[in-house]
Amino acid sequence: MVRLSLGTGAARPHRARSRSRRAQQGRVQPSGEGGPPPPPTAVPMDSSQQPTPPTGGDPAADHEAAELPPLTVTQIEQMKVESKVGDIYRVLFGAAPDTRSVMLELWRDEHIEYLTKGLRHLGPNFHVLDANRPWLCYWMVHPLALLDEVLDDDLEDDIVDFLARCQDKDGGYGGGPGQLPHLATTYAAVNTLVTIGSERALSSINRDNLRKFLLRVKDSSGAFRMHECGEIDARSCYTAVSVASLVNILDDELAKGVGDYIARCQTYEGGIAGEPYAEAHGGYTFCGLAALILLNEADKLDLPSLIEWVAFRQGVECGFQGRTNKLVDGCYSFWQGAAIALTQKLMTVVDEQLKLKSCSSKQPSGKDACGPSSSEQSSEKSSTVEYAKFGFDFIMRSNQIGPLFHNIALQQYILLCAQVLEGGLRDKPGKNRDHYHSCYCLSGLSVSQYSAMTDSDSCPLPQHVLGPYSNLLEPIHPIYNVVLDKYHTAYEFFSKE
Amino acid sequence: MHALAPPAARRRNPYARAAVRRRIVAVLRPTAAILPITERFWSVIDHGVAGRVARFDPSITDEIEVNNRPLRFRLPLQPPALAASAESRLLAFSCIEPYPRGRWPPAARQIHRVDLFCRFFFSSGARIRSTRAEVPMEDAESGPASWPEMADVEPVPQDDGPSPVVSIEYRDDFREVMDYFRALYFAGERSARALRLTVEAIELNAGNYTVWHFRRLILEALDSDLLEELDFVNEIAERNPKNYQIWHHKRWLAEKLGPDIANNEHEFTTKILAIDAKNYHAWSHRQWVLQALGGWEGELQYCNQLLQEDIFNNSAWNQRYLVITRSPLLGGITAMRDSEVDYTIEAILANPQNESPWRYLKGLYKGENNLLVADERISGVCLKVLKNDWRCVFALSLLLDLLRSGLQPSEELTGTIEAMKNSDPEMADADLAMTVCSILQKCDPLRINYWSWYKTTLSSQT
């Protein structure tokens, strides 16, 4: 999180005092109501009770001779966003409780209209997404499913037909009819078909060819290329593994080496990058973690470090940022929110890793001072691993702890700052809406609503849902990002061998 | 007070400048009646100095709606109170636009000010239209249908089916180019005319990976001049700096061109990073070039320079980590650790609220918890920062990690932590780590769930 210091903008070696001031002060503290379960209180932007003792003069006073160094680009950008978001929150905190409840409404009808309209027809400016049409399908079909909206049968059939045309004769899906098959569009197409969920949709996926496609794009390093001779990164690993796991074609040959590649992508910060040594990034963190869970190799990551990094990505704006010192963005509500939500079910691994860490630091001499390690269970792996089961077992597991991020604050950001009056959701106030952000903001909203429950599909209590209870969305499977019911349907369908 | 007097403007005090601006706007506001004329006047000046001046993106509105009531975001017209609240200080900066890199030419600065003025004038929403020119398509008037070399080609329409979904309303030129593209692509042609066609297709949609893939096949088949290709793709990359396909194409080219092209590539990424110092693709490419083709010589200095310009730039810190650990010219992390710790601590003390150096500091000791605990400078910097600002979350968090890893705190440190307890009966625990964790639960309420869980991991250890 960026706490802005209006002091120095550049490193200065011999400064006598460091000035650190918060650029924003929260004003109204929301009061909790007494009586029956109080509605979740909205989080003030900066809930420090007392300001820091002033360490220097007041920079606003003209008569101060102190010369302020220029603010850096990061600080300026952050201030602009904070002020926009602050304006919105100030209105919220100044309002009466009933008004607050109305303000925190999810505008379902508007979003449904925006999404459904796009499913049939998109304006000419969408030509920049001409190679991403399965993504467009997914970005519309998935949030509609989250909003529990049923599509017309004709529309569903048409989507299935369209995606069948995008399917390459040798396996995989391209960005449009006749385009080269690509892992990302394959992922989007498969997820869309799973979300539609009909027998016709699921059987339209040519699994044998898909497997051949995945083998074609598998690289010698173990990772996958996005398309023939395409780029390799954590995204490609995730899309490949997710698709393979969903349609139950994941096996040792496909899984070999992926885990090690992703483990190398974890950076010193704790998050995961696109490639080894790149910067830790929310999108890739989700991709890496989700892929490793599907391979049952989550212990290859340093999970405590990852959890800490993701937890610190939630900033004063209450939403998540993608990278350290960058700006908040609604889509990271899913990428970061789901990543940290996944760790809630990995607590046994986390605890073991913490134990190992503390052992090694307190007893440097003893190598095996900590007793049996977790590698024992991996040696008991059977010869034929049922990879698809990992995704299933994971979601059936209970949450071992509550949410590690502030789920109410995240919901606050999405409902207040990400929603657009005309329907759809956006990155942040000041940006335009688009389908991508509509999809991932709503997915993030769903994740945060269900994060406090022990089981993945049990109904959240009213105190976990910000705003009226009608804001509740459908639960998702956070690894694949498809609605949970649809996942179960697909799982049953593809397990029938 | 906040006079309009020149002395305020002479000092490099941005608050004074903002106060001056507000005063001027307040005076000029009544002249808004001649709005149309002034708008035209300013836009003419604007157009006059077009080009590389970064401009406030007109697609970004400054109105936010909450419950049908538009909330306008604009400066207050009255000067801020003397005892400036954080709010007014923040709003004082709201007029500052992001500038890409340091020194603009004076004319550009002037235009920038003009731009700002007009925004204040037109707080009702009118604004100067973007002067970003549309890149004209080569032979804009004639698509491939009119090219003589395409006379024998039968265009292939897109097979969207009888009732299409997510159907895009293609413009005629787009449709025409893609129909011809499909014809040549399906036929597997590798010719000069196919190459020319891919240029058109790329200009229309630089994200079409199929076109890029086809282009690569043709370039290989025709054994084309790859340096020319590099110029071509660089020009497109400057216009689309966040496009995966373009950067992948650059990587493919660089791989073929070999180590000789390394400097060229570094110059290019420097150029892109000068506009957006955190462009993920540019950094990935730069890192790949370093590791595959070399050019490490000036890299640490480059990181220094970027951090001087913006100490908050996490990408630069990350790059620093790469250089420290992987540069063949330096000794590796063990050799560099000492000097890096000093550098990082300097950065922390200058800006304790900057998260990047804190993470970097921890990163320097990744996997070496004993060394982290043993290095007195680490606990030293925590103490120093906390003495100045006992609520600094990053300092508390690092301290907590140290304590959990077995740090034996000095008396001074113990004393400081005890003082932070504020005689809170809840924090009567003897354990220092628990105390710090409790403090964090109070100081960092956004992460209350995280710190509560952290506390449970502490108690399970003891």
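Residues numbered from 1 in each chain as written. Chains lettered and ligands numbered in written order. Predicted model: local features only at pLDDT ≥ 70, side-chain atom pairs only at ≥ 80, totals over all residues. Heavy atoms only, no water.

K.L.:
Got a minute to help me understand the overall build of chain B in this structure?
P.N.:
Check the secondary structure of chain B and you find 22 helices and 3 strands. Within chain B, the fraction of its 462 residues that count as buried is 54%. Taking the contacts inside chain B whose residues are at least 6 apart along the sequence as the reference set, 63% of them involve residues at least 24 apart. Just so you have it, chain B exposes about 20,900 Å², and 54% of that area is on carbon and sulfur atoms. (Helix = DSSP H or I, 4+ residues; strand = E, 2+ residues; numbered from the N terminus. Buried < 20%, exposed > 50% of the residue type's maximum accessible area, 1.4 Å probe, protein only. Contact = heavy atoms within 4.5 Å. Areas by Shrake-Rupley, 256 points an atom, 1.4 Å probe, with all protein chains shown as cover.)

K.L.:
Mind showing me how you'd approach the overall build of chain A here?
P.N.:
Along chain A, the regular secondary structure elements total 20 helices and 5 strands. Among the 497 residues that make up chain A, the fraction classed as buried is 64%. Sequence-distant contacts in chain A: of pairs separated by 6 or more residues, those separated by 24 or more amount to 72%. Counting every atom, chain A has about 17,200 Å² of accessible surface; 50% of that belongs to carbon and sulfur.

K.L.:
Where do I start with the nonpolar core in this structure?
P.N.:
Note that soluble globular proteins tend to have their nonpolar side chains buried in a common cluster. Of all hydrophobic cores here, the largest spans 259 residues; its most connected members are A:Ile159, A:Phe286 and B:Trp358. Among the elements that take part in this core, helix α4 (residues 133-146) of chain A stands out by supplying 10 residues, more than any other. Here this core spans two domains, and each of domain 1 (143-159 + 168-224) and domain 2 (389-461) of chain B adds at least three residues to it. The residues touching A:Phe286, leaving out its near neighbours within four places in the chain, are A:Tyr238, A:Phe334, A:Trp335, A:Ala338, A:Ala339, A:Leu342, A:Pro478 and A:Ile479. (Core = buried A, V, L, I, M, F, W, Y, C linked by side-chain atoms within 4.5 Å. Domains from an automatic or database assignment.)

K.L.:
Looking at this structure, I do not really get the confidence of the model for chain B. What am I missing?
P.N.:
Caution is warranted with low-pLDDT regions, since their predicted coordinates should not be read in detail. Residues and elements named next belong to chain B. In this model, chain B carries an average pLDDT of 77, and 67% of its residues clear a pLDDT of 70 or more. Below a pLDDT of 50 lies the segment residues 1-16, which in the model reaches 36 contacts outside its immediate sequence neighbourhood of four places, other chains included. Here residues 122-139 scores under 50 on pLDDT; set against residues more than four positions off or in separate chains, the count is 28 contacts. Interface scoring of the predicted complex returns ipTM 0.84; its pTM is 0.80. (pLDDT = per-residue confidence, 0-100.)

K.L.:
Got a minute to help me understand a negative patch on the surface in this structure?
P.N.:
All names here are of chain A. A cluster of acidic residues, Glu105, Asp109, Glu110, Glu113, Asp148, Glu149, Asp455, Asp457 and Asp485, forms a negative patch at the surface. Mapping Asp455 onto the fold places it in the loop between α19 (435-450) and β4 (476-477). Assessed through its relative accessible area of 34%, Asp455 is described here as partly exposed. (Patch = residues over 30% accessible without salt bridge, like charges linked within 9 Å, V, L, I, M, F, W, Y side chains within 5 Å. Salt bridge = Lys/Arg side-chain N within 4 Å of Asp/Glu carboxyl O. Lys, Arg positive; Asp, Glu negative; His and termini not counted. Charge placed at Lys NZ, Arg CZ, Asp CG, Glu CD.)

K.L.:
Sorry if this is basic, but what is going on with helix α9 (residues 234-246) of chain A here?
P.N.:
Think of an α-helix as turning once every 3.6 residues; residues three or four places apart then point the same way. Residues and elements named next belong to chain A. Given a rise of 1.5 Å per residue, 13 residues ought to cover 18 Å, and the 18 Å separating the end C-alpha atoms of α9 matches this to within 8%. Of all 13 residues making up α9, 13 are buried, and the element is well covered by its neighbours. Between the side-chain oxygen at the start of α9 and the backbone nitrogen of Arg235 there is a gap of 3.1 Å, and the oxygen is on Asp233. Directly beyond the C-terminal end of α9, a positive phi value near 65° is found at Asn248. (Expected span 1.5 Å × (residues − 1). Polar contact = N/O pair within 3.5 Å; in protein donor to acceptor, adjacent residues only side chain to side chain.)

K.L.:
In this structure, what is going on with the side chain of A:Gln321? I would like to understand it.
P.N.:
With respect to the helices and strands, the residue A:Gln321 is situated in the loop between α13 (303-311) and α14 (332-343). Within the local environment of A:Gln321, its side chain forms a polar contact with the backbone oxygen of A:Lys326, the two atoms lying 2.6 Å apart.

K.L.:
Would you mind going over the domain arrangement of chain B with me for this structure?
P.N.:
How big an interface is tends to be reported as the loss of accessible area on association of its parts. Under the domain assignment, chain B is made up of domain 1 (143-159 + 168-224) and domain 2 (389-461). Using only C-alpha atoms to locate each centre, domain 1 of chain B and domain 2 of chain B end up separated by 63 Å.

K.L.:
Just checking my understanding: could you explain the environment of B:Gln319 for this structure?
P.N.:
Residue and element names in this part refer to chain B. For Gln319, the location among the structural elements is in helix α14 (residues 314-326). The class for Gln319 is buried, based on a relative accessible area of 0%. Measuring from C-alpha to C-alpha, the distance between Gln319 and Arg286 comes to 9.4 Å, with 33 residues separating the pair along the chain. What Gln319 contacts, discounting residues up to four positions off in sequence, is Trp283, Arg286, Gln287, Leu290, Glu299 and Cys303.

K.L.:
Help me out: how do you make sense of the pattern of salt bridges in this one?
P.N.:
Where charged atoms from two side chains of opposite charge come close, those side chains can pair. All names here are of chain B. Here the structure, examined in full by the defined rule, presents 43 salt bridges over all chains. Glu235 is paired through a salt bridge with Arg239; the nearest N and O atoms lie 3.1 Å apart. One end of the pair, Glu235, and the other, Arg239, are both in helix α9 (residues 226-239), 4 residues apart, so they sit about a helical turn from each other. The salt bridge partner of Arg377 is Asp375, with a shortest N-O separation of 3.1 Å. Judged by relative accessible area, which is 24%, Arg377 ranks as partly exposed. For Asp375, a relative accessible area of 10% translates into the label buried.

K.L.:
Sorry if this is basic, but what is going on with helix α6 (residues 183-196) of chain A here?
P.N.:
All names here are of chain A. Helix length check: α6 (14 residues) gives 20 Å between terminal C-alpha atoms against 20 Å at 1.5 Å per residue, within 8%. Of all 14 residues that make up α6, 14 are buried, and the element is covered over most of its length. Directly beyond the C-terminal end of α6, a positive phi value near 80° is found at Gly197.

K.L.:
Before we go on, may I ask you to explain the environment of B:His213 in this structure?
P.N.:
Tracing the chain through its elements places B:His213 in helix α8 (residues 209-222). Separated by 32 residues in the primary sequence, B:His213 and B:Gln245 place their C-alpha atoms 9.1 Å from one another. Other than its neighbours up to four places away in sequence, B:His213 contacts A:Leu180 and A:Glu228.

K.L.:
Would you mind going over unusual backbone geometry with me for this structure?
P.N.:
A negative phi angle characterises most non-glycine residues, just as the trans form characterises most peptide bonds. For A:Asp148, which is not a glycine, the phi torsion comes out positive at approximately 60°. As for its position among the elements, A:Asp148 is in the loop between α4 and α5 (153-166).

K.L.:
What is the right way to read the packing of aromatic side chains from this model?
P.N.:
Between two aromatic rings, the relevant description is the distance of the centres plus the angle of the planes. Residue and element names in this part refer to chain A. A full pass over the atoms with the stated rule returns 39 aromatic pairs over all chains. On the basis of an interplanar angle of 55° and a centroid distance of 5.8 Å, the ring pair of Trp135 and Tyr187 is categorised as tilted. Here Trp135 is found in helix α4, whereas its partner Tyr187 is found in helix α6, with 52 residues between them in sequence. A relative accessible area of 14% places Trp135 in the buried class. (Phe/Tyr/Trp six-rings, centres within 6.5 Å; stacked < 30°, edge-to-face > 60°.)

K.L.:
I would appreciate a short explanation of the environment of A:Leu421 in the present structure.
P.N.:
Take A:Leu421: it is sitting in the loop between α18 (407-418) and β2 (425-426). Linking A:Leu421 and A:Trp107, residues 314 residues apart in sequence, is a C-alpha distance of 7.8 Å.

K.L.:
Would you mind showing me how to read the packing of helix α7 (residues 192-204) of chain B against α9(B) here?
P.N.:
Residues and elements named next belong to chain B. Interhelical geometry of α7 versus α9 gives an angle of 10° and a closest axis separation of 11 Å. Put simply, α7 runs roughly parallel to α9. For the element pair α7 and α9, the recorded crossing hand is right-handed. Across the interface between the two elements, Val199, Ile202 and Glu203 of α7 pack against Phe232, Ile236 and Arg239 of α9. (Axes fitted to C-alpha atoms, helices over the stretch in contact; angles between N-to-C directions. Parallel < 35°, antiparallel > 145°, perpendicular 65-115°, else oblique. Left-handed = near helix turned anticlockwise from the far one by under 90°.)

K.L.:
What is the right way to look at the state of the cysteines in this model?
P.N.:
Here, disulfide denotes a covalent bond that connects the sulfur atoms of two cysteines. Residue and element names in this part refer to chain A. For the structure shown, the criterion picks out 0 disulfides over all chains. Cysteine Cys137 is unpaired, with the sulfur of Cys166 as its nearest cysteine sulfur at 7.1 Å. A residue is classified by how much of its surface remains accessible, and Cys137, at 0% relative accessible area, is buried. No disulfide involves Cys287; its sulfur sits 9.2 Å from that of Cys237, the nearest cysteine. (Disulfide = S-S within 2.5 Å.)

K.L.:
Just to check I follow, could you spell out the side chain of A:Glu231 for this structure?
P.N.:
Structurally, A:Glu231 is set in the loop between α8 (207-216) and α9. Setting aside residues up to four positions removed in sequence, A:Glu231 forms contacts with A:Phe224, A:Arg225, A:Met226, A:Ser236, B:Tyr244 and B:His248.

K.L.:
What exactly am I supposed to notice about the confidence of the model for chain A here?
P.N.:
Residues and elements named next belong to chain A. Mean pLDDT over chain A stands at 84; residues scoring 70 or higher make up 81%. Low pLDDT, under 50, characterises residues 1-66; the predicted model gives this stretch 166 contacts beyond four residues in sequence or across chains. Predicted confidence for residues 363-382 stays below pLDDT 50, and this span has 8 contacts to residues more than four positions away or in other chains.

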